[in-house]
Amino acid sequence: MQILYFAWLRERIGIGREDVETNAATVADLIAQLRAREDRYDTAFSDMSAVRCAVDQVLVDLDASLAGAREVAFFPPMTGG
């Protein structure tokens, strides 16, 4: 599965995208798996109120299923204007 990181998440993790092999059932499970990898991931995902996610380019909640997903993107909340 391809994981995309945007804005300050990309800066904290140090990469913009990566391919990850996972058996995570939900977005929350994927985040837990990523946080356990290294401190940089743990730091980036430490405040989930400041992170939004999309699965295959559709905004989702953390309990969203990853069944059949090809891409997960993480980014800070956006403002209009």
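For the structure, check the block above.
Analysis parameters
Residues numbered from 1 in each chain as written. Predicted model: local features only at pLDDT ≥ 70, side-chain atom pairs only at ≥ 80, totals over all residues. Heavy atoms only, no water. Salt bridge = Lys/Arg side-chain N within 4 Å of Asp/Glu carboxyl O. Helix = DSSP H or I, 4+ residues; strand = E, 2+ residues; numbered from the N terminus. Buried < 20%, exposed > 50% of the residue type's maximum accessible area, 1.4 Å probe, protein only.

**Q** Explain the pattern of salt bridges to me, and be specific about the residues and the numbers.
**A** Any two side chains of opposite charge can pair if their charged atoms end up close together. A full pass over the atoms with the stated rule returns three salt bridges. For Arg 37, the salt bridge goes to Glu 18, with nearest N and O atoms at 3.2 Å. Of this pair, Arg 37 sits in helix α2 (residues 27-37) while Glu 18 sits in strand β2 (residues 17-19), and the two are 19 residues apart along the sequence. With a closest N to O distance of 2.7 Å, Arg 35 and Asp 42 form a salt bridge. Arg 35 gets classed as partly exposed once you look at its relative accessible area, which sits at 30%. Residue classification places Asp 42 among the partly exposed residues on the basis of a relative accessible area of 30%.

**Q** Describe the environment of Met 78, listing the residues and the values that go with them.
**A** Examined against the element boundaries, Met 78 turns out to sit in the segment after β5 (71-75). A relative accessible area of 65% means that Met 78 is categorised as exposed. Along the backbone, Met 78 and Ala 64 are 14 residues apart, and their C-alpha atoms lie at a distance of 20 Å.

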